[in-house]
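Descriptive structure summary
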Amino acid sequence: MLHNQSSRPRLSPNSYEEDIQQVLAPRLAHFAAVARHEHVTRAAHELAVPQSTLSRAMVRLEEDLGVALFARKGRTVSLTPAGRTFLTTVERALAEVERAADSVRADADPATGKVAFGFLHTMGSETVPALLRAFRADHPRVRFQLVQNYGEAMIERLRAGDLDLCLTSPVPDAPDLVARRLDEQRLRLVVPDDHRLAMRKRVRLAEAADEAFVTLEPGYGLRRITDDLCAEAGFKPRVAFEGEEAETLRGLVAAGLGVALLPPPAVARPGVRELTVTAPRAVREIGVAWLDGHPDTPPVAAFKRFLLSRRGHLLPE
């Protein structure tokens, strides 16, 4: 049964993307209820809306689509072929919405919710596992989505909403982020065990000015720190190899391909010596960052409080 067309414009192919949410989405559950009951009054009772309001909404839906979805006989209705086709897709869409609602409610649950947590590769072997174990002593069922990456990539994922929190270095300074310094980590000059400096315990970084360096790629926080420390020591490092992971760099050093400024390893690696740098002060600051103004779910808020409570004691002894 077709209806007289109102003066309001229908959905058109050109405007469909803009109109679909505003026009169709709020009416889908109403349509599905009417189709399920095949009776407007019973559907209105289930939805707790006036029967007249529901009737008008179905008429407007048909007008917007330009298709009759129901054949009417009093307050009893039956689906037209177009209505049955539309109902199949609507039920799938409503089921997806319900699944999405269940998912976000589960992620926000204080006891069993999820934290999307990013951290540097160099913190993955010891620091982060120790942190998670300590946190889960009091929050045993909180779930974590863990992301390892370099600093700039994690900040981008933070801005994109893919991460709730990230541990990074250097500590970012940006107007859209909140960052808190948690700890600092000494960097060492790593040299092959047959290097001219290998028998030393302490060196000034300037003593390595003529060496080939193996470093992380540009964009990594540790690469920026290396460049800045070398500049402070009065030279620009001659980069022989660039990599993406600190232990790979240690392997290159062990192979005699250069020297590197690196944080301490989780496990001592044969073939290299790790020297204390006395000048300039070779450290990297570790901090936690999150998006300013971004509301926290209860599990994210709890983990953030935990990280901030570890200020000065974040790293393993």
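Residues numbered from 1 in each chain as written. Predicted model: local features only at pLDDT ≥ 70, side-chain atom pairs only at ≥ 80, totals over all residues. Heavy atoms only, no water.

What follows deals with the nonpolar core. Counting residues in hydrophobic clusters, the biggest one holds 37 residues, and the most contacted among them are Phe117, Leu167, Phe303 and Leu307. Where this core is concerned, the elements lending two or more residues are strand 3 (114–119), helix 6 (127–136), strand 4 (143–148), helix 7 (151–159), strand 5 (165–168), strand 6 (177–186), strand 13 (283–291) and helix 10 (298–309). Contacts of Phe117, omitting those with residues within four sequence positions, involve Val128, Phe144, Gln145, Leu146, Val147, Leu163, Leu165, Cys166, Leu167, Phe303 and Leu307. (Core = buried A, V, L, I, M, F, W, Y, C linked by side-chain atoms within 4.5 Å. Buried < 20%, exposed > 50% of the residue type's maximum accessible area, 1.4 Å probe, protein only. Helix = DSSP H or I, 4+ residues; strand = E, 2+ residues; numbered from the N terminus. Contact = heavy atoms within 4.5 Å.)

A separate point is the packing of helix 2 (residues 28–37) against helix 5 (residues 81–108). Running from amino to carboxyl end, helix 2 crosses helix 5 at an angle of 125 degrees, the nearest separation of the two axes being 10 Å. In this view, helix 2 runs oblique relative to helix 5, as classed from their interaxial angle. Between helix 2 and helix 5 the crossing geometry is left-handed. Across the interface between the two elements, Leu28, Ala29, Phe31, Ala32 and Ala35 of helix 2 pack against Gly83, Phe86, Leu87, Val90 and Leu94 of helix 5. Here the residues of the contact of helix 2 with helix 5 sort into 9 nonpolar, 1 polar and no charged. (Axes fitted to C-alpha atoms, helices over the stretch in contact; angles between N-to-C directions. Parallel < 35°, antiparallel > 145°, perpendicular 65-115°, else oblique. Left-handed = near helix turned anticlockwise from the far one by under 90°. Nonpolar A, V, L, I, M, F, W, Y, C, P; charged D, E, K, R; others polar.)

Take the sheet that holds strand 11 (residues 260–262) next. On the basis of which strands lie adjacent, the open sheet formed by 4 strands has the order 8-12-7-11 and mixed pairing. At either margin of the open sheet sits one strand with a lone partner, and together these are strand 8 (202–204) and strand 11. Within this sheet the neighbouring strands show an average axis-to-axis angle of 45 degrees, counted without direction. Here 3 bridges tie strand 7 (residues 188–192) to strand 11, and the two strands are oriented antiparallel to one another. Following the sheet pairing, Leu189 is matched in strand 11 by Leu261. (Pairing = 2+ DSSP bridges.)

Moving on to helix 3 (residues 40–47). Buried residues of helix 3: Val40, Ala43 and Ala44, and no others. Seen end-on, helix 3 carries its buried residues on one side only, within an arc spanning 100 degrees. Packing partners of the buried residues in helix 3 comprise helix 2, helix 4 (51–65) and strand 2 (76–79). Just past helix 3, the residue Ala48 takes up positive phi, approximately 60 degrees. (Arc of directions from axis to C-beta.)

So, about the confidence of the model for the protein. This prediction gives the protein a mean pLDDT of 90; 92% of its residues lie at or above 70. Across residues 1–18 the pLDDT falls below 50, and counting only partners more than four positions away or on other chains, this stretch makes 23 contacts in the model. (pLDDT = per-residue confidence, 0-100.)

As for its placement among the helices and strands, Ala206 is situated in the loop between strand 8 and strand 9 (212–216). Judged by its relative accessible area of 33%, Ala206 is partly exposed. For the pair Ala206 and Val277, spaced 71 residues apart in sequence, the C-alpha to C-alpha distance is 9.7 Å. Look past the residues within four positions of Ala206 in its chain and what remains in contact with it is Ala233 and Phe235.

Each strand in a sheet pairs with its neighbour through backbone hydrogen bonds, running either in the same direction (parallel) or in the opposite one (antiparallel). Strand order in the open sheet made by the 5 strands is 4-3-5-13-6, with mixed pairing throughout. The open sheet has two free edges, formed respectively by strand 4 and strand 6, since each of these has just one partner strand. Adjacent strand axes in the sheet meet at a mean angle of 20 degrees when their direction is disregarded. Where strand 3 and strand 4 come together, 6 bridges link them in parallel fashion. Counterpart to Phe119 in the pairing with strand 4 is Gln148. Lying over the sheet, helix 7 contacts strand 3, strand 4, strand 5, strand 6 and strand 13, oriented at roughly 165 degrees with respect to strand 5.

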